[in-house]
Amino acid sequence: MQNDTDFPIAILGAGFAGIGAAIQLKKAGIESFTIFERASEIGGTWRDNTYPGAACDVPSHVYSLSFEQNPNWSQRYAASGEIQAYLLDVVDKWKLRDRLRLNTEIVEARFDENAGIWRLTTDGGDTFTARVVLAGVGGLVDPAYPNIAGMDDFEGEVMHTARWNHEVVLRDKRVSVIGTGASAVQVVPTIASVVALLTVFQRTPAWVVAKLDAFYPAWVKRLLARFPFFLKASRFVKYWVSELRGPIVFYNSKLLSAIGVSLSKWNLRRQVKDPDLRKRLTPDFQFGCKRVLVSDDYWASFERDDVELVTDSIERIEAKGVRTDDGRLHEADVIVLATGFKLGLATAPFPIIGRNGQTLDEAWASGAVAYKGMTVSGFPNWFIMMGPNTGPGHTSVLVYTEAQIAHAIQAIQKLQSEGLKLMDIRRDVQDRYNAGIQKRMTRMVWGGCNSWYLNADGSNHSLYPGFAAEYVLRARKLNPNDYECVGY
Ligand code: N01
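Right, let's walk through the structure included here. Please read these numbers as outputs of a predicted model, since none were measured by experiment.

Criteria and cut-off values
- Residues numbered from 1 in each chain as written.
- Predicted model: local features only at pLDDT ≥ 70, side-chain atom pairs only at ≥ 80, totals over all residues.
- Heavy atoms only, no water.
- Helix = DSSP H or I, 4+ residues; strand = E, 2+ residues; numbered from the N terminus.
- Polar contact = N/O pair within 3.5 Å; in protein donor to acceptor, adjacent residues only side chain to side chain.
- Salt bridge = Lys/Arg side-chain N within 4 Å of Asp/Glu carboxyl O.
- Buried < 20%, exposed > 50% of the residue type's maximum accessible area, 1.4 Å probe, protein only.
- Expected span 1.5 Å × (residues − 1).
- Arc of directions from axis to C-beta.
- Contact = heavy atoms within 4.5 Å.

Quick look at the side chain of Thr-395
Counting through the fold element by element, Thr-395 comes out in the loop between β21 (382-384) and α10 (397-417). Side-chain polar atoms of Thr-395 contact the side chain of Ser-242, separated by 3.0 Å.

Some details on the pattern of salt bridges
Tallied over the full model, the rule gives 28 salt bridges. A salt bridge links Glu-68 to Lys-93; its shortest N-O distance comes to 2.8 Å. With Glu-68 in the loop between α2 (45-48) and α3 (80-93) and Lys-93 in helix α3, the pair connects residues that are 25 residues apart, well separated along the chain. Residue class for Glu-68 comes out buried when judged on its relative accessible area of 9%. A salt bridge links Asp-333 to Arg-174; the shortest N-O distance between them is 2.8 Å. Residue Asp-333 is located in the loop between β17 (329-331) and β18 (334-337), and its partner Arg-174 is located in strand β10 (residues 174-178); the two are separated by 159 residues in the primary sequence.

Some points on helix α7 (residues 254-271)
Note: α-helices contain 3.6 residues per turn, so residues at a spacing of three or four share the same orientation. Taking 1.5 Å of rise per residue, the 18 residues of α7 would be expected to cover 26 Å, and the 25 Å separating its terminal C-alpha atoms lies within 8% of that figure. Three or more residues of α7 are buried, namely Ser-257, Gly-260, Val-261, Ser-264, Asn-267, Leu-268 and Gln-271. End-on view of α7: buried residues confined to an arc of 120°, all on one side of the axis. Residues of α7 that are buried sit in contact with β12 (208-209), α6 (228-250) and α8 (275-281). With a side-chain oxygen lying 3.3 Å from the backbone nitrogen of Leu-255, the N-terminal cap of α7 falls on Ser-253.

These figures capture arrangement, not role.
Pasting the structure below:
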């Protein structure tokens, strides 16, 4: 049995995954961890996404840590600031501040097989060693900036939704929003009534279903705080509602797709009266193929006289605005890029060098693969949270993350209690698992259109092809036989 101080653990990233892992380590009595965070504050997505209207599109009773449930969510889908405040509270409650190394970006990780340790190098040139790394650096972190000609010519302000500049005043300005994905459906209705003119550039319309958001009255919050059973029951019900709706979003089925389409078209009809406008907002691809969005007021924004939907392609950005290929110049004072993120899973987040000098990018040359999305053969003692093929299109990603944390902690306990040097997922086990995942992909709906879910070759290495509950059952429990276990 090795003691804690001989067993440093590095947690990379202080978002939901990293913070959740730290708490569970503490609960397991393991204190020898450090959380490395490249930004100056914790929070990940909820630190970075502060655009007007930014909120969770999964109910907060499910989109929160199951071991840190919050009776005080103000509404079903909490706003970004409230989620960030929750994470800050959790960090204080669990006294994680002194475990954090903020402003510290890991730029290289190299496995020393003789010693069974990972050597981590920071952007400041410091080095740290870790017996185990829990990597929770997120999949949708770095903004994707569109490659549109003339962007530098624009005389006004340009900002990405994930890097909102709160000093830019939008009131009474002409604002152009490029993109109509999950971020756009939140920002568009929120700023529509503030700006003088809102022009929304839609390349591909999205299926949007009703959000049915509501504030929790004070008595409900008191009830949930007083009787945790009700809070757990609320989480349980919301989890199973989203889970049971899952097949509509993920199976490639005409019948299930028709159900989704009718739900979305009902949402469109109740918000938009003009049949021509409805037509322009209606997707022509199968329901679920791209992420299904939720909103009660996005489509209604286009009924306003001061909001224009533009479906002509963008030709270039000019000094005064956005020129579309019909020759029209859409004048603007501010351009908002709601153009999404670079899929962080496509490559390693920084050079990660495993056994025999192999890099993770080399291992992932034909797409990111990992055993249950967590461990990659040749990269021992390295556990990914929110890794390949673990994203949900229908429910809270945190359900998956908690299973990954549980798995990693069992591995840490095994390494410690048996004095092992390393645990490396067996290549045959990893390959068999991923062959099964890709086989199941053929029954899923995601191959039929272009989205961030897919790699350039059309393969899907981002989403899990099935129910969250099934993933949790498969991933939560460590089977030591799946791993090559090597002692000193
Ligand atoms: O990004 P997106 P997002 N010219 O990639 C368009 C999560 N999220 O930030 O569809 C013109 O969905 C692009 O058009 P097209 C969630 O997982 C969660 O909105 O490629 N348009 C699309 O319309 C989500 O899936 C929450 O044709 C261009 C849009 O930009 C993920 O983040 C909230 C273009 C990008 O949509 C990403 O969402 C927000 C160009 N050159 C986000 N380039 C929660 O509430 C791109 N587009 C939890």
